[in-house]
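# Structure assessment
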Amino acid sequence: MSSLSSLKKRKRETKSLPAPSQPNGPDLISQLPDCILHSILSLFHVRDAARTSVLSSRWRHLWEAAPLRLFDDSFNPNNRSPYDDCYYHFVSDPWLDWSRNAVSSIFDSHHGPIESLRLSLFFSFQMDGFVKTSVQRGIRELNLVPFNFDRDPYKLPLSLLFCNTLHQLSLQNCTFPRALPPSIFPNLRELRLNCVSLADYLLPKCASLETLLISTSVEGPPVSISSPTLRKLVFERDIDLVSSPAELIIKDAPNLESLILEEEVTCRTKLKVLDAPKLQRLGFINTDVRAIQLGRTLIEQHQESSPPTFVVNVTPYGMNLLSSVKTLAIKIELFSDKKTIPIILKCFPCLENLDIMKYEGNGDEGYLNEGMWEEQGSLSFLDHLKTVIVKGFWGDQCDVELLRYLVVHGKVLQTITLLCSRHITKKFVDIKKRQICIENRASSNLALVFFRDTEENVHFSLWNDMICY
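Residues numbered from 1 in each chain as written. Predicted model: local features only at pLDDT ≥ 70, side-chain atom pairs only at ≥ 80, totals over all residues. Heavy atoms only, no water.

This part takes up unusual backbone geometry. Each neighbour pair has its own omega, and for G283 with F284 the value is 5°, a cis peptide bond. Here F284 is to be found in strand 14 (residues 281-286). Here N173, not a glycine, exhibits a phi torsion of approximately 50°, which is positive. As for its placement among the helices and strands, N173 is situated in the loop between strand 5 (168-172) and strand 6 (174-175). On the basis of relative accessible area, N173 is assigned to the buried category, the value being 14%. Phi at C195 takes a positive value of approximately 55°, unusual for a residue other than glycine. Its relative accessible area of 29% is what places C195 among the partly exposed residues. (Helix = DSSP H or I, 4+ residues; strand = E, 2+ residues; numbered from the N terminus. Buried < 20%, exposed > 50% of the residue type's maximum accessible area, 1.4 Å probe, protein only.)

Below you can see the structure in the form of structure tokens.
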């Protein structure tokens, strides 16, 4: 009887449970407004978004009006790049023809706004139609890389210069029209140039530009920066080629806050920072610098002498001191005169954060001057310096003397982080602390921290994009 009652009880409980949803129940997603469905579709790969048009009559034309994000090289099934070592074998690859036809078909079928577009598989003479159509449909982010980037550059059409929806533009091997209107790119926030000549009169015509990234391997005339709105400038060179512009001149940048340089730039390009009153972050400055003008301080290398020597002069042009700079990164080369380090640091009296990257390898082969740091006295930046990070720390004499000077004179120094290029042991740490004279530190709050240096180390993340591992 008990088993029979239990069976009836379970049967009653089963009846009270809600019925499972049927596969042909109401389609709640399709009931959403078009604007929401358009936003959802814009997040899909264009191939998957287009496939939704076969779901039902409700979805048939939704994709055609959704914001389009199209990257012509994203159709590659094998993730092969047409710019790798097999470039010339890819020119007649069937995948290229298929991808080009796919992009053309998408432009013919899609009639909504274009959010972002990257063209890298088309020759220069094939790009005009896509660019002009993108401007008409309110393009916001545009990336143009002519497929024949080592041949004829792509000349930008005038219609692109007047596009008021464009916020981000990336160009490689493109040219601007010779005659420019008084104002171009009215709402452009970020401009990326790779192997593109930058005329002096170009930037002042961009009324909203805040970020400029220049990547070049072209050896040519000086690059002069004058922009009333620019806040961040990143300058790098092609690491596979030795060519670079003769000079980089920050001529008139009243709102520039960050000047980021690839670690070898100042070895081959003369840097002049003449007028940047709000500059807060600067680096890398290489100790094997060719010539650099920081405010009115001009440092030039005389390579005729052995070892090379540096001459410091005061020029009548530029700011007196770069007192606005709070964060500085320097690269110490192996065979460079270490006297350049205090010369550079003297130009930044209000420095708070100092990031140092050392040469690869161990040894004191650099031209170390005995007692060099003791001769400096207490430099003015030591009244403000709070953090120091050294990447590539070996603990050699050059490292020890620099850190001992900072420890003994850094009045408000809080943290010194050493990213070591060798295995860290307790014995090694104790020896280096004693050599650095940590017991004689000027700041009672100073902490000395040791880490094993790796490419993934987050402590140097501020500059990682500019480091050539």
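On to the nonpolar core. The tendency in soluble globular proteins is for nonpolar side chains to be buried side by side. Core analysis: the biggest nonpolar cluster contains 111 residues, and I225 and F348 have the highest contact counts within it. If you tally residues by element for this core, the top one is helix 11 (residues 397-409), at 5 residues. The residues touching F348, leaving out its near neighbours within four places in the chain, are L282, I285, L294, L322, V325, L328 and F381. Counting 7 residues, the second-largest nonpolar core is a separate cluster that includes I260, A329, M357 and W463. (Core = buried A, V, L, I, M, F, W, Y, C linked by side-chain atoms within 4.5 Å. Contact = heavy atoms within 4.5 Å.)

Time to look at helix 7 (residues 128-136). Along helix 7, the residues that are buried comprise F130, V131, S134 and V135. The buried residues of helix 7 all sit within an arc of 135° when viewed along its axis, so they share a single face. For helix 7, the elements touching its buried residues are helix 6 (94-109), strand 2 (114-119), strand 3 (141-144), strand 4 (154-155) and helix 8 (158-161). A positive phi of about 75° marks G138, the residue just after helix 7. (Arc of directions from axis to C-beta.)

Take the pattern of salt bridges next. Across all of its chains, the model carries 12 salt bridges by this definition. Across the salt bridge formed by E115 and R140, the nearest N and O atoms sit 3.3 Å from each other. Of the two residues, E115 sits in strand 2 while R140 sits in the loop between helix 7 and strand 3, which places them 25 residues apart along the sequence. Note on R140: relative accessible area 33%, which makes it partly exposed. One network of salt bridges, with partners in common, ties together E263, E264 and K331. (Salt bridge = Lys/Arg side-chain N within 4 Å of Asp/Glu carboxyl O.)

Quick look at the packing of aromatic side chains now. Overall, the coordinates contain 9 aromatic pairs when judged by the stated rule. Taking 5.9 Å as the distance between ring centres and 10° as the angle between the ring planes, the aromatic pair formed by F123 and F125 counts as stacked. Accessibility expressed as a relative area gives 17% for F123, which makes it buried. Under the relative-accessibility criterion, F125 is labelled exposed at 67%. What links up through ring pairs into an aromatic cluster is the set F107, F122 and F130. (Phe/Tyr/Trp six-rings, centres within 6.5 Å; stacked < 30°, edge-to-face > 60°.)

Moving on: empty space enclosed by the protein. If you walk through the whole model with that rule in mind, you get 1 cavity of 30 Å³ or more. Within this model, the largest cavity holds a volume of roughly 60 Å³. If you trace the largest cavity, you find it lined by L41, S42, F44, V46, A49, W63, A66, P67, L68 and R69. Elements that contribute at least two residues to the lining of the largest cavity include exactly helix 2 (34-42), helix 3 (46-51) and strand 1 (68-71). Residues belonging to the lining of the largest cavity are distributed by class as follows: 8 nonpolar, 1 polar and 1 charged. (1 Å grid on protein atoms, 1.4 Å probe; cavity = no way out; pocket = protein on both sides within 12 Å on 5 of 7 lines; lining within 4 Å. Points joined across faces, edges and corners; volume = space filled by probe spheres on them. Nonpolar A, V, L, I, M, F, W, Y, C, P; charged D, E, K, R; others polar.)

What follows covers the side chain of E263. Its location among the elements puts E263 in the loop between strand 12 (258-261) and helix 9 (265-268). Among the residues examined, E263 registers a relative accessible area of 6% and is labelled buried. Side-chain polar atoms of E263 contact the side chain of K331, separated by 2.9 Å. (Polar contact = N/O pair within 3.5 Å; in protein donor to acceptor, adjacent residues only side chain to side chain.)

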